[in-house]
Every structure is written in structure tokens, then in C-alpha cells.
Amino acid sequence: MNTLPLHTRRDFLAGISSGFAGVALSQMLARDAFASVPVPRPEFNGGIHHPAKVKRVIQLFMNGGASPMDLWDYKPMLTKQHGQKLGSKVKIEGATGMQGPLMKSPFEFKQHGQSGRWASSLFPEQAKLVDEMAFLMAMQGRSNVHGQSAYLMNNGFLLPGFPCMGAWISYALGNLTDNLPTFIVLPDARGLPYNGRGCFTSGFLPAVHQGTVIKAGASQPIPDLFASDKFAFATRQADGDGLALLNQMNHAHAAQHPGDSRLDARVAGYQLAAKLQLSAPEAFDVMREPESARKAYCLDSADKPTADFGKRCLLATRLIERGVRFVQVWSGPEGAVNNWDNHGDIPKQLPPMAASIDKPIAALLQDLRQRGLAEDTLVIWTTEFGRTPFSQGSLGRDHNCGSFVSWLWGAGVKPGIAHGESDDWCYQARHDITTGYDMHATILHLLGIDHEKLTVRTNGVDRRLTDVHGRVVAELLA
């Protein structure tokens, strides 16, 4: 037998790995390369620094800047002063136009639940669940620009190149199952959000920790998981031959490195990658759910955006139920339409966006509780910034990082509370201000991670998700 032209196992695997198999193989290799990767501790319920209350996370991100005073933050002063010109007389940084007069919300607000939480008529289904949510009513950002603010809320920095929260969680805690990725991203069917894949990146962390993007509405959500019919040579026999060759190379490597027992352990781990071809098709087939679930998530709705978002919410539930650690569900693509960036006409543009998510999110929360997943799952609803209380044009609203709203639901969260307050116009956060850094610190805390201790040294600096900022919002914790 001829001698194989060996380079290294890493070179070989890098060359042949693709799709989900590549994800699994790369993750195992990355653990070899990063010996300092934190190790979850059983005595901490899977946390690394203290006991964890959360094991898995679903993040719902409203791309474009959801308007707080039209959704969650009721401001009667806007009605009293509607039409008055109280804004800046010069264009503010990051704004796309001059500020017009104050504009009241065109939507009715009512109080709901025992907590008396105000909610817009645009969210009738979520309003029924406000007693289960914990609201951050005084969120504040640092930029009025989409790209920068989206990076800040996902990656902790205004600039690209830094790992996102999902990547940090994957790096710190690893996977809960070996047959699905640790971090999955479900973008809007109409396109990727601002920054493209930049908000799902692993940055300077090993590439295995980046979000695995799944196009839930595509005929093949996982590209190239199975060979195309036009490739007649891609048969089970060919797979067997490939595995035989890999086994031959493993033996050759072992012969060159006697006494190294790590290879046997690695080979056993690599064999788990083959399970993806069995697990992924079942996990992504939401039509296996009963008709009642499909109806609750609006999968059969004639409204395509509602059906698309509902399908991705149901898919998120199925994925975390099967051990995926972090799932991110996006509402709205980049661009001037079909998202939450309502510059032109709030009365016309905001209702369809709200309707596309309201029933699916309510179904998601109720379903998680019914399946017993609320005991260790956290759900986050957020956006990159808010909107101005002043009109843009006649009926739109411009960007505003001064105040916006986020909420959390699930394990470790004190239900039915609201922390913080914006001013009388929802223009600037006023009391108990919180930031993306604080929200990230709180989420990591619930996962059993001290945000100040989770660091990676790169280019001579110990980097972390929260940069040099952030505090755990203890008022939200159960």
C-alpha cells in the first residue's frame, strides 16, 4: 500500500468539513486549541462561576428600532402636547432628518394583568402575559445609527469584529447535545438584518462559536446536508470509502504519535457528527407538531410574515427542547421596508410588524411553559434603539437611542415587574437606566457566568462581552 501524503489531521478536516458536520468537527478541534475554555461545573447546575438558573436562551430581536411609546411605554403627555414643537432646532447626530413636533401615539393603550402594565392595542396577545414578563423600561444606547447600535446590543461594542452574546455563551458553556449546533440563528425570510452576519459572529473566538444560520422557510433549511441527486457518485458506498480512508489516516497519525491517547478520544467524538444527518431533519420539521400547535403559532396564516415568524418561533421551541443552547429569532430585514424602522408612517407601517409577531410570541411563551421548558429557559425581547417622540415628516418617527424597552421572561426572572422609567415623552431614560451591557451581564449571570470573569486575551487586551461596563440588574432576578 502506498504511503498517504499526510499533512496534519487539522489540515485534512479543515479541507473536507462543511455544513453541520464541519460545525461538529470544528468544535471538537477548537476545544483542543483553546485549553483555557471554561468548563461548566455540575455543582453549579452547569454554570461556571456560580449556580445557573438558565440553561438555554431564545432571543427575539426586532430589527430597525421598535417604537416604545407606541408599544409598551404609555405617555399621556404626548397626547396633551401633541403638535407642539419642543425638539431640537438642529439635526441631531445619527438622525435621518429634522425633528418635527411632538406626536401622540395613534394607538390605544390599556392596563393589563395584576401588575397593571400598560400595553398598546397592537399587542393584544402579549398583553395577556405581562404578569409573566420583567420589563426594562429605561434602556439606553450610545448611537442613533442602525449598524453601530445593532452591534452594541448583540456584540457589546459599536464596531465590528467582536463576538456576539451567543458566541460567548457557546464558548463559555459549550453544547447541551452533540447532534445539533450550540448557537442557531433564524433570520427573517425577507433577508438578513443590519450588519448582515456581523451580529452572529464569533469575532476573535474560534469560528465554531459563530451562529449557524438556518433559513427556516427554504425547501432545504440546511444546505448540502445531503448530496444532490445529480451527484450519482455520492452514495452510501462512497461514504463508507471516505470513512475507511479517514480511519486509515487516523492509524497513520497514531503510528507517528505513539502514546498519544487523545486521538482515540477525538475519533469517538467525530463519529457523533454523523448523527446530524439523522437529528437535523427531524428537529427542523415543524409539521410534525400537532395541528393545535401549528394554529397557535399561525403557521397556517394567510399573512406570510406572521406565518414565517410563527414558524421560526415554533422551530426555536423545538430546537431548545432538543438541546440547542442559544437560538436567535429576527423580525425584519435590513432596509427601508418590512421592519421596525418606521420613518414614514407609524400608523400604517407599525401595525403589520406588530401583528406578525404578537400571536407567535404569545404562543411561544405559553408553549414553553406547557412543555416544561420555562424551568430553565430564558426569553429576551429587544431591539437596537427606540424612536423619537417627535414626528418625522408627518407621521413617522426617527431613530432615538435615548430610551427604549426590552423584556425578559422565564427562568430566574421576577415576573410582573417593570424596572426603570423614561421621561414624560419617552425621549430619554430618566430613572434606573439600563444598557445593553447591563442586560448582557444579567443574562450571563442567570447562566451561571460572572461577566467580569469571562474574558479572552486578544491583541494584548483581556476582552469580554460587556467591555469595561455592565452590572447585573438584581431587581429583575427572582
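In what follows, the structure referred to is the one given above.
Residues numbered from 1 in each chain as written. Predicted model: local features only at pLDDT ≥ 70, side-chain atom pairs only at ≥ 80, totals over all residues. Heavy atoms only, no water.

### Structural notes on the nonpolar core
Right, on to step 1. In terms of nonpolar packing, the biggest core is built from 57 residues, with Leu60, Trp72, Trp340, Trp381 and Trp407 touching the most fellow members.
Right, on to step 2. Counting residues per element, this core draws most heavily on helix 12 (residues 346-370), which supplies 11 residues.
Right, on to step 3. Leu60 has contacts with Phe309, Val329, Ile361, Leu364, Val379, Ile380, Trp381, Thr382 and Trp407, leaving out every residue within four places of it along the chain.
Right, on to step 4. Formed by 45 residues, the second largest nonpolar core is a distinct cluster that contains Leu408, Ile417, Leu444 and Leu477. (Core = buried A, V, L, I, M, F, W, Y, C linked by side-chain atoms within 4.5 Å. Buried < 20%, exposed > 50% of the residue type's maximum accessible area, 1.4 Å probe, protein only. Helix = DSSP H or I, 4+ residues; strand = E, 2+ residues; numbered from the N terminus. Contact = heavy atoms within 4.5 Å.)

### A word on the pattern of salt bridges
Right, on to step 1. Counted according to the given criterion, the structure contains 22 salt bridges.
Right, on to step 2. Linking Glu282 and Arg322 is a salt bridge whose minimum nitrogen-to-oxygen distance equals 2.8 Å. With Glu282 in helix 9 (residues 276-283) and Arg322 in the loop between helix 11 (304-321) and strand 7 (326-331), the pair connects residues that are 40 residues apart, well separated along the chain.
Right, on to step 3. By relative accessible area, Arg322 is classed as partly exposed at 26%.
Right, on to step 4. Between Arg371 and Glu289 there is a salt bridge, with the nearest N and O atoms lying 2.9 Å from each other. You can see Arg371 sitting in the loop between helix 12 and strand 8 (377-383) and its partner Glu289 sitting in the loop between helix 9 and helix 10 (291-296), a full 82 residues away along the chain.
Right, on to step 5. A residue is classified by how much of its surface remains accessible, and Arg371, at 23% relative accessible area, is partly exposed.
Right, on to step 6. Look at the salt bridges and you will find they share partners, linking Glu282, Glu289, Arg318, Glu321, Arg322, Asp367 and Arg371 into a network. (Salt bridge = Lys/Arg side-chain N within 4 Å of Asp/Glu carboxyl O.)

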